[in-house]
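Geometric and topological summary
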Amino acid sequence: MLATIPVSIKYTAKDGRQTEAEDGLIGLVADPNFNQNHWLYLYYSLVGDEAKNVLVRYELRSDELVMDSKKVLLDVATQREQCCHTGGGMAFDKAGNLLLSTGDNTSPRDTPFNPIDERPERAPWDAQKSSGNTNDLRGKIIRIHPEADGTAGNEPPVVAFDILKGNKPFFFREKPIEYAVKVTDKEDGSLATGKIIPAQVAVSIDYLPEGFDPIEVAQNHPGTETVARFATGQRLIGLSDCKSCHLVDKKSVGPGCTDVAKKYKDEAAAVDRLAKKIIAGGGGVWGALDERSPATDQLRRIRDGQLYSESGRKTAGR
Ligand code: HEC
């Protein structure tokens, strides 16, 4: 026996039911220079209240792991409510990089559909928190470069906000704040020097109600793609003429944006479906047009081919 290391294998559901899963010692690989340095890399599920898998390096001496040689290279935070998909395969490439596969930590059970479940408290069934989230280590093949001193040789970027206008210690409801984003990364440079390209930086801010649970917040955090998609959409709307017929919070010629959002909030495919409909044209969903509005006349003239709307002649049909 090389060593005895306690590991976690239990999952505890919200209702207290416990199951045993594929956690434990999930990966093992020897250093490419094992003959000289005797290093072994273990990936295992740490025991304790903090749900995480750790990538750890130990030295093997006289067929035993030297316990105080332990170096933690990487922490991968997980949920331990619902089994599974843990990953743990490891291999070194020729350049001395260690490739680690991590599972999506998402339950494939309980539903015949994809594991994309956005309902409250369903994060363990929603792979958008992990494999679908570039800001999360789960559901990936991670490439790191283990250094001799036991670090992973790659430091995370430091992201900071500078509040330019507005109150700093707390925010007032519905008062805009102006901010600048600063990103510096040991390996990749910074936004300030232009080494990091602004278009590749997406930030999102979560509103945390009192007494929040940071893990719950992190697990329900939308993926960077979702946030970037929203910002892109907002910009496109700003560049088009949608605003001449749509206000944010009330009906004008067309329905208010908030009402549209409310109507389709439970329809996951609505974004793509409506995008196609805006291009193709449609009508009759939101009731009769307001005959007193000059924009209604404009809408009819676009439809009759006398005028062109910037968002395409066919928008007129709506
Ligand atoms: C000339 C006026 C006009 C313009 C410009 C316009 N819309 Fe509309 N839009 C309407 C009307 C009227 C409706 C309601 C149609 C209905 O009842 O089905 C509508 C409906 C919608 C809907 C809801 C569709 C549904 O089926 O519920 C969306 C989403 C939408 N518009 C988005 C946009 C976007 C995005 C743009 C800019 C690219 C845009 N609209 C430009 C008049 C307009």
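**A closer look at the overall build of the protein chain**
In terms of helices and strands, the protein chain carries 6 helices and 12 strands. For the protein chain, buried positions account for 18% of its 318 residues. Within the protein chain, counting contacts between residues at least 6 apart in sequence, those at least 24 apart form 45% of the total.

**What about the nonpolar core?**
Core analysis: the largest hydrophobic core is formed by 13 residues, its most contacted members being Leu42, Tyr43, Leu55 and Val56. Among the elements that take part in this core, strand β4 (residues 39-45) stands out by supplying 4 residues, more than any other. Those residues in contact with Leu55 that lie beyond four places of it in its chain are Tyr41, Tyr43, Leu73, Leu74 and Leu100.

**Considerations on the sheet that holds strand β7 (residues 87-92)**
As summarised here, the arrangement of the 3 strands in space is β7-β8-β9, forming an open sheet in which the pairing is antiparallel. The sheet is open, and its two edges are formed by β7 and β9 (140-144), each paired on a single side. Strand-to-strand, the axes of this sheet are offset by a mean angle of 20°, without reference to chain direction. As defined by bridge partners, β7 adjoins strand β8 (residues 98-102) across 4 bridges and the pair is classed as antiparallel. Looking at β8, one finds that Met90 is bridged to Leu100.

**Some points on the sheet that holds strand β5 (residues 52-61)**
The strand order β3-β4-β5-β6 describes an open sheet built from 4 strands, whose pairing is antiparallel. Both edges of this open sheet fall to β3 (25-30) and β6 (64-77), since each of them pairs with a single strand only. In this sheet, neighbouring strand axes are inclined to one another by 20° on average, regardless of whether the strands run parallel or antiparallel. Pairing between β5 and β6: 9 bridges, direction antiparallel. Bridge assignment links Arg57 to a residue of β6, and that residue is Lys71.

**What about the environment of Ala51?**
With respect to the helices, strands and loops of the structure, Ala51 is situated in the loop between β4 and β5. Ignoring anything within four residues of it in the chain, the contact list for Ala51 reads Ala77, Thr78, Gln79 and Arg80.

**Some words on the environment of Val56**
With respect to the secondary-structure elements, Val56 resides in strand β5. Taking C-alpha positions, Val56 is 9.9 Å from Ser69, a pair spaced 13 residues apart along the chain. Setting aside its immediate chain neighbours within four residues, Val56 contacts Leu42, Lys70, Lys71, Val72 and Leu73.

**Some points on the confidence of the model for the protein chain**
Do not read the fine detail of predicted coordinates wherever pLDDT is low. Counting all residues, the mean pLDDT for the protein chain is 85, and 89% of those residues have values of 70 or more. By mean pLDDT, helix α6 (residues 294-303) is the weakest element of the protein chain at 68, and β4 is the strongest at 97.

**A word on unusual backbone geometry**
Residues Cys83 and Cys84 are joined by a peptide bond in cis, for which omega reads 25°. Within the chain, Asn105 stands out as a residue other than glycine whose phi angle is a positive 55°. Relative to the helices and strands, Asn105 resides in the loop between β8 and β9. A positive phi angle is found at Glu121, which is not glycine, with a value near 65°. Along the chain, Glu121 turns up in the loop between β8 and β9.

**Quick notes on helix α5 (residues 270-280)**
Counting buried positions along α5 yields 0 of 11 residues, so the element is predominantly exposed. Positive phi shows up at Gly281, right after α5, with a value of about 95°.

The rules behind these values
Residues numbered from 1 in each chain as written. Predicted model: local features only at pLDDT ≥ 70, side-chain atom pairs only at ≥ 80, totals over all residues. Helix = DSSP H or I, 4+ residues; strand = E, 2+ residues; numbered from the N terminus. Buried ≥ 20, exposed ≤ 12 C-beta atoms within 10 Å, placed from the backbone. Contact = placed C-beta atoms within 7 Å. Core = buried A, V, L, I, M, F, W, Y, C linked by C-beta atoms within 7 Å. Pairing = 2+ DSSP bridges. Axes fitted to C-alpha atoms, helices over the stretch in contact; angles between N-to-C directions. pLDDT = per-residue confidence, 0-100.

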